[in-house]
Amino acid sequence: LHRRQKLLHPGKSLYRVLLDSVTLSDENVKFQIIHEENKVLLQVEICEIEGNIFRLKIDEASPLRARYKVPDVLIKEPTTQKLFISHKEAGILVSSSVNEDYKLQVTANPFQVELQSKGETVMSMNCNGLLYFEHLQPPPSDRKPTAQNEETASDSSKEKLEDLGLWQEKFGSFLDIKAHGPTSVGMDFSLHGYDHVYGIPQHTETLLLKNTSDGDAYRLYNLDIFGHKIHEKIGIYGSVPLLLAHKPNRTSGIFWLNSSETLVDINTKAVAEHTPSRSAAETAKQRAVPLTDVRWMSESGIIDVFLLMGPTAFDIFKQFAQLTGTQALPPLFSLGYHQCRWNYEDEQDVKAVDAGFDAHDIPYDVIWLDIEHTDGKRYFTWDKQKFQNPRKMQEHLRKKKRKLVVIVDPHIKVDPSYTLYSQAKDKGYFVKDRNGKDFEGICWPGSSCYLDFTNPEVRKWYADQFAFKTYKASTNILFVWNDMNEPSVFKGAELTMQKDAVHYSNWEHREVHNLYGFYQQMATAEGLIRRSSGKERPFVLTRSFFAGSQKYGAVWTGDNTAEWSYLKISIPMLLTINMAGISFCGADVGGFIGDPEPELLVRWYQAGAYQPFFRGHSNMESKRREPWLFGEKNTQIIRKAIRERYVLLPYLYTLFYRAHTAAEPVMRSLWIEFPGKMETFGVENEYMLGNALLVHPVTEKEVKTVTVLFPGSEEIWYDFRKFKRMEDAGTVKIPVTLENIPVFQRGGTVIPLKTRAGKSTEWMIDISYELHVALDAEACATGELYVDDGHSFQYLHKKQFLYRKFTFHKNILSSSYVDESGQYHTTCAVERVIVLGFGKQPTFVIASSKDGKKKEVVFTYDTKTSAMTLENLALSVDADWEICIS
Ligand code: MIG
């Protein structure tokens, strides 16, 4: 692919601004740039969007036909702010934002753009002259031969053109015919002062993006790669073209909105500090400052890029969410533990596995059915032998207060007697091949057609397939899993759809490729909402994703392998997905391919229990892996890990509410919480769950200790289970046993928990709460609790929720509203409070409610750990109260 762009080397750009063309409106600044050699005009549009975002769009001034502009990813047309031209002189145009915090400087020749914040250059574009834009041309056959053409069309140059894949390209035995010729676009960005960059999932790579100057570029191209390797830049399953750059005092982001195959080259280097220097001596003293060049290249579309100016990481998350939406609030059950396997064979198997959890006293919420549950891989149907009464099976699960998830893939078996197929065929809902026939590929059912989810009418029709009366024997405890939606096409080029396949509105597959899975999940989530008449929250897991997929549900990292290295890499992979807006993500616990040794399985459960999406899953060829199959001791340890997860759910659910309303990622790399601490910038073997928990999974075999970094010298950390304050700061060797993984609570936080786990989340509704109050150096702490019915949209439409705050200050723990507009009745009380790091043995403790009632509280104080436990509190969650300790 981008062989052509790679022929363009850093240097002076051949693009120049036509200064006469500059126009300024309320929305934007527009002007044209011209390429000195081919003389093609490009239209540039720059605007400032509310909330420290700049947008730069470059398209052809008069293209032969419209170029693809990614629809449906931005949640609305962004609200722009008027820019002011503050300065226009020989070849330089400066626009400032209203508040003058930012200055945008456009240099005319060569065309360059620089963004400054209060005099500091943060980012610049096209400084390396790598702006690249292939304008649309008529195919060579349509061009009249001219003398000059004849001349150059010598055999060797023809070959050269073919080599470069302008009009067609070969991939093995596949021929990609490019009906519209070469259409690629690209540009370089310089990030000043930055040498730490993150983001652009999904790769099996480290948290910190690596220099790609002597290797492969990071590729964003959704592919089904079975048995994918670790430390590769090749794209797998999903992509989010968002890159973050961080330095101690600032975080910036680049969101490159393009859904065609995209490559990102990264080059971090040190350059001499840019100061107007005077003497030679001073020049010699010049500091070397880091600079990261990022080059984006896409096969097609236009250049449409959002520059997120932060300045903090949390600002970047908000800015990205303002454009693409926030994480959907998951139904509470989906934060429980999920038990999956390819396959749970039949109704008896499902019942037996379900009973196994009860017999072994292990909580779980959802059992999953993979492709074998269908009638010959016809989705929305049941295998009549194995699932004779699926409705009864679901009633059984419902009584156990559990749910079912079934797989629904996007390929449709070619079978005229299969209604879904014949309907879609008649309506013309399949993706077409380049000759206008329905595109046919091979997938699980054999010959298959692929629904064209880019068509809104197809999405609506697809959503309707989930209606209870249409989807036979489905009930409201059934939720959905979208797999194979890269899309995966067996025997296709790179196991996906040909780029010259044709979608809705005549767009080629190459334009929309990375959006295919995004659209399927969108339609599925819509279907689940609609089947409940808009009342219930959906749950949809997808394998393929794009920017904005967070609005529709959860993602997982696909077919990992049951090896220690895959457990280890799952941490940076999930952290990266979280940074890109998708909080609800997880990796297959145990590793999908192969058979984990029991120790690895145990370690994976312990890690998964502290990650957003928690599902055990295994391949068809793998041995059975239900948590009780590995001996009494391992069963007991896994049980403990899963129970810890369930007890933690009030905290996790509150974090998801924050992700939903304030775009804060649930799982955070350390640097996000400790932006000024350089030692955290590359840490990927531990992470923060919210702002309060530090989690360090054990990812190596038979280790007796792990090295934990306790970030922030002024922080206090407590052992989450033993309540003991950690004596040492910095990097500390912590002893570990197989029993659990190290988890620490940060001083200054309050974590809401349940007092015990139940059989599933629904069994836990009435279980009371417990607060863990971890004091900081000032003996203060705060934390939040969000509660609602856990499944409907009433929190949104009727404000039926409780959003509470707990504050510990001057020996008083008080409960108050964060958001008074929400009301939700619960009989569930705060039963127990544990205060960690309480300096002295208290003499008495009084609890008082708002109506003036006071009562003395029973407490114990552990002098060894300085933990104070208050019992039998019975304080309502939905009322204000205070506990005074003297
Ligand atoms: O190529 O549906 O990633 O989770 O069990 C295998 C069967 C197809 C791939 C998914 C995996 C799922 C499997 N699917």
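Position numbers for residues count from 1 along each chain, tracking the sequence in the order it is written. Local features in this predicted model are restricted to residues of pLDDT 70 or higher, and side-chain atom pairs are both shown and tallied only at a pLDDT of 80 or more, whereas totals for entire chains, interfaces and linings draw on every residue. As a rule here, side-chain values come from all non-hydrogen atoms in the structure, and water together with hydrogens is ignored.

- In the nomenclature of an unreviewed UniProt entry, the protein chain corresponds to GANC glucosidase from the organism Aleadryas rufinucha.
- Quoted verbatim from the Sequence similarities (unreviewed entry) heading of the UniProt record, the comment on the protein chain is "Belongs to the glycosyl hydrolase 31 family." UniProt positions are given in the numbering used here, feature names are shortened, and annotations may be inferred rather than shown by experiment.

With respect to the pattern of salt bridges
At step 1: Whenever Lys or Arg places a side-chain nitrogen within 4 Å of a carboxyl oxygen from Asp or Glu, that contact is recorded as a salt bridge. As enumerated under the stated definition, the model contains 63 salt bridges in all.
At step 2: Between Arg 67 and Glu 60 there is a salt bridge, and its shortest N-O distance comes to 2.7 Å.
At step 3: Among the salt bridges present, the one from Lys 850 reaches Asp 880, with a minimum N-O distance of 3.4 Å. Pair noted here: Lys 850 is in the loop between strand S46 (845-849) and strand S47 (854-856) and Asp 880 is in the loop between strand S50 (875-876) and strand S51 (881-885), with a separation of 30 residues, a long-range link. Note on conventions: DSSP H or I runs of at least 4 residues are helices, E runs of at least 2 residues are strands, and numbering of each starts at the N terminus.

Describing unusual backbone geometry
At step 1: Omega for the bond connecting Asn 109 with Pro 110 falls within 30 degrees of zero, at 0 degrees, which places this linkage in the cis form.
At step 2: Tracing the backbone shows Pro 110 in the loop between strand S8 (102-107) and strand S9 (112-117).
At step 3: Of note, the amide linkage connecting Gly 310 to Pro 311 takes the cis form, showing an omega dihedral of 10 degrees.
At step 4: The backbone phi angle of Ala 663 is positive, close to 60 degrees, even though this residue is not glycine.
At step 5: Following the sequence through the fold, Ala 663 ends up in the loop between helix H14 (631-662) and strand S33 (667-668).
At step 6: At Ser 866, a residue that is not glycine, the phi angle is positive and equals roughly 60 degrees.
At step 7: Structurally, Ser 866 is set in the loop between strand S48 (858-862) and strand S49 (867-871).
At step 8: When a residue's accessible area, from a 1.4 Å probe over protein chains only, is under 20% of the maximum for its type it is buried; when over 50% it is exposed; and in between it is partly exposed. A relative accessible area of 22% means that Ser 866 is categorised as partly exposed.

Let's talk about the site of the ligand
At step 1: Neighbouring the ligand are 13 residues, the closest being Asp 370, Asp 483, Arg 543, Asp 559 and His 617.
At step 2: Take Asp 483: an N or O atom from its side chain is 2.7 Å from a nitrogen atom of the ligand.
At step 3: At 2.5 Å from an oxygen atom of the ligand is found a side-chain nitrogen or oxygen belonging to Asp 559.
At step 4: Shrake-Rupley sampling with a 1.4 Å probe provides the accessible areas, and residues are treated as covered by the protein chains on show and by no other component. Isolated, the ligand exposes 350 Å² of accessible area, and the fraction of that covered by the protein chains is 97%.
At step 5: Note on residue classes: Ala, Val, Leu, Ile, Met, Phe, Trp, Tyr, Cys and Pro are nonpolar, Asp, Glu, Lys and Arg are charged, and everything else, Gly too, is polar. Looking at the shell around the ligand, its residues break down into eight nonpolar, one polar and four charged. Working definition: residue near molecule or strand if any one of its non-hydrogen atoms lies within 4 Å of it. For the purposes of these results, a polar contact is taken to be a pair of N or O atoms within 3.5 Å, where, inside protein, one atom must be able to donate a hydrogen and its partner to accept one; residues adjacent in sequence count only when each atom of the pair is a side-chain atom.

Structural notes on the UniProt feature "domain: Glycosyl hydrolase family 31 C-terminal" (unreviewed entry) in the protein chain
At step 1: With numbering aligned to this structure, UniProt lists the feature "domain: Glycosyl hydrolase family 31 C-terminal" (unreviewed entry) at residues 664-751.
At step 2: A helix fraction of 5% and a strand fraction of 34% characterise residues 664-751, whose end C-alpha atoms lie 17 Å from each other.

Concerning the sheet that holds strand S27 (residues 446-450)
At step 1: Strands are labelled as partners when DSSP assigns at least two bridges between them. In space, the three strands of this open sheet follow the order S25-S27-S26, with antiparallel pairing throughout. Whereas interior strands pair on both sides, the edge strands pair on one side only; in this sheet they are strand S25 (411-413) and strand S26 (440-443). The sheet shows a mean angle of 55 degrees between the axes of neighbouring strands, direction not considered.
At step 2: The pairing of S25 with S27 spans three bridges and is antiparallel. Counterpart to Ile 412 in the pairing with S27 is Cys 449. Inter-axis angles, ranging from 0 to 180 degrees, are taken between N-to-C directions of lines fitted to C-alpha atoms, where helices are fitted over the stretch in contact.

Points about the nonpolar core
At step 1: To form a nonpolar core, buried Ala, Val, Leu, Ile, Met, Phe, Trp, Tyr and Cys residues must be joined to one another through side-chain atoms within 4.5 Å. Counting 183 residues, the largest nonpolar core has Phe 255, Trp 382, Leu 451, Phe 539 and Tyr 610 as its most contacted members.
At step 2: Two residues form a contact once any of their heavy atoms are found within 4.5 Å. Once residues within four sequence positions are removed from consideration, Tyr 610 is found in contact with Glu 644, Arg 645, Leu 648, Tyr 687, Leu 689, Leu 693, Val 695, Phe 720, Arg 721, Ile 741 and Val 743.
At step 3: Of all hydrophobic cores here, the second largest spans 48 residues; its members include Leu 104, Phe 189, Trp 256 and Val 305.

Side note on the side chain of Arg 55
At step 1: One can find Arg 55 in strand S4 (residues 53-60).
At step 2: Of the polar contacts made by the side chain of Arg 55, one reaches the side chain of Asp 304; its length is 2.7 Å.
At step 3: Not counting residues within four places of it along the chain, the set of residues in contact with Arg 55 comprises Glu 45, Ile 46, Cys 47, Ile 49, Leu 74, Glu 77, Pro 78, Asp 304, Val 305 and Phe 306.

Regarding the pairing of strand S6 (residues 84-89)
At step 1: Relative to strand S7 (residues 92-96), S6 runs antiparallel, the two being bridged by five bridges. Across the sheet, Glu 89 pairs through a bridge with Ile 92, a residue of S7.

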